[in-house]
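Structure at a glance
As a plain string of letters, each chain reads:
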Amino acid sequence: MQDFEFFSPTHFVFGRNAEQKAGTMLAERGASKVLVHFGGNSARANGTLDSVEESLKEAGVDFIELGGVRPNPEIGLVREAVDLCKKEGVDWVLAVGGGSVIDSAKAVALGVRYGGDVWDFFGTGKDPESVLPIAVVLTIPAAGSEGSPNTVISNDELGRKTGYGRPMLRPQLAFMNPELTFTLPPYQSAAGMVDMFAHLLERFFDDLGAVPVTDNLCLSLMKTIRAEAPRVMAEPDNYDARANIMWAGMLCHNGVAGVGRHTDWATHGLEHELSALNPQITHGAGLAVMFPAWMEYVYPENPARLIQYGAEVFGLTPTGDTDADVYNAIDETRSFFASLGMPTSLEELGVFEDDIESMIPTLLENKGEPFGSFMKLSMDDAREIYRLAL
């Protein structure tokens, strides 16, 4: 168990009609003018946005809107939102959506009290002096951004997708109503569940080996996701299945499942280059392809860890043949993702051999060399993992 600090200030409001409490609770915290930040038309069409804004009106909280957040949110809209917030005197940012919207809202909160370009934080890793407070109405369980200190933003001009994290960026309020997820498209639900599962894999596989308290948290959450994911796909309006997945997604990435560990994050780095190459690639879909390839490449560093994972999460019985047991665990992982409708190769995502070299410079810029914890990876290692994923 390594030394750590853990801070989680988020007040979670979970359950039916949770979003209708947003106005009252923001007013109690002194909000006077809120930026309601969202993605596309679905937030309006399904009534969520209207419900949230009605709660703000009833509580006497003024607000302005800015939609248009895309998957893999881009710095251009963040800059537009920062300028709008400064002009309008906004004092809270309220994200209504999933991880992309929340990440964009966090970047906006970074920029409003800063005198320079908000990309400075992502480009240099500098610390903010202060940020606007953030609230979230979660509609897509996946990234866990509703409880995390992290945001990931793309810069199309530079061809980069870069993460940034500071404790100040943890939302102060998160409203989580599983009913809001009933109408999600199946592909989006599936990609979200792969994303949260991948957050646990990044924590479970590092160079420390056993840290029983976090090991068991990770394994329990992975088993829960594996059990509930088929129910979500078969019964999209199953409240209990959706509730378990929604809460699991937060626990997967608020940090508690990784304390005392180094954690890895190589695979997320590899995937970020895919969705920087083509922003239409869904993050979870890219992870579904990259994680089995990463496992196949790095397992000689600690095959027992892969075998333990296969036994605990998929119920595999070790045979004594190390390589066979490892590959059984990898095959089960790939099959689980595929059973949800996720791709199994880069070619399915429109990424080919010729694209690999174009991703290496920004991977090096974002991750440095070596990167990863379970196995220290070079850019040559990254090339080979991409080839395994083809």
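The following paragraphs examine the structure supplied in this document. Since the model is a prediction, treat every value here as computed from it, not as a measurement. (Residues numbered from 1 in each chain as written. Predicted model: local features only at pLDDT ≥ 70, side-chain atom pairs only at ≥ 80, totals over all residues. Heavy atoms only, no water.)

**A look at the nonpolar core**
Of all hydrophobic cores here, the largest spans 66 residues; its most connected members are Phe 197, Met 222, Ile 225, Trp 294, Tyr 309 and Tyr 386. Here Tyr 309 is in contact with Phe 197, Leu 201, Phe 204, Phe 205, Met 222, Met 295, Phe 314, Ala 329 and Thr 333, once residues within four sequence places are set aside. Grouped together as the second largest cluster of nonpolar side chains are 37 residues, Leu 77, Val 112, Trp 119 and Val 136 included. (Core = buried A, V, L, I, M, F, W, Y, C linked by side-chain atoms within 4.5 Å. Buried < 20%, exposed > 50% of the residue type's maximum accessible area, 1.4 Å probe, protein only. Contact = heavy atoms within 4.5 Å.)

**So, the sheet that holds strand E5 (residues 134–138)**
Strand order in the open sheet formed by six strands is E1-E8-E5-E4-E2-E3, and the pairing between neighbours is parallel. The sheet is open, and its two edges are formed by strand E1 (11–14) and strand E3 (62–66), each paired on a single side. Averaged over all pairs of adjacent strands, the angle between strand axes in this sheet comes to 20°, irrespective of strand direction. Packing against the sheet, helix H4 (residues 75–88) makes contact with strand E2 (33–38) and E3, and its axis sits at approximately 155° to E3. (Pairing = 2+ DSSP bridges. Helix = DSSP H or I, 4+ residues; strand = E, 2+ residues; numbered from the N terminus. Axes fitted to C-alpha atoms, helices over the stretch in contact; angles between N-to-C directions.)

**Digging into the pairing of strand E4 (residues 92–97)**
With six of six residues buried, E4 lies mostly within the body of the structure. Neither face of E4 is left uncovered, since the one carrying Trp 92, Leu 94 and Val 96 and the one carrying Val 93, Ala 95 and Gly 97 both have all their residues buried. Sheet analysis places E2 next to E4, joined by five bridges and oriented parallel. Considered in E4, the bridge of Phe 38 is made with Val 96. Sheet analysis places E4 next to E5, joined by five bridges and oriented parallel. Paired with Gly 97 across the strands is Leu 138, a residue of E5.

**Here we look at helix H14 (residues 353–367)**
The terminal C-alpha atoms of H14, which comprises 15 residues, lie 21 Å apart, in line with the 21 Å expected from a rise of 1.5 Å per residue. Helix geometry: H14 is bent most strongly at Met 359, by close to 35°, with proline Pro 361 lying one to four residues after it. Residues Ile 356, Met 359, Ile 360, Thr 362 and Leu 363 constitute the buried set of H14. Gly 368 sits one or two positions beyond H14 and adopts a positive phi of about 75°. (Expected span 1.5 Å × (residues − 1). Bend = angle between axes of the 7 residues up to and from the residue.)

**Here we look at unusual backbone geometry**
A cis amide bond links Glu 369 to the next residue, Pro 370, at an omega of 0°. Relative to the helices and strands, Pro 370 resides in the loop between H14 and helix H15 (379–389). Phi at Trp 265 is positive, roughly 70°, even though this residue is not glycine. Among the secondary structure elements, Trp 265 is positioned in the loop between helix H9 (239–253) and helix H10 (266–277).

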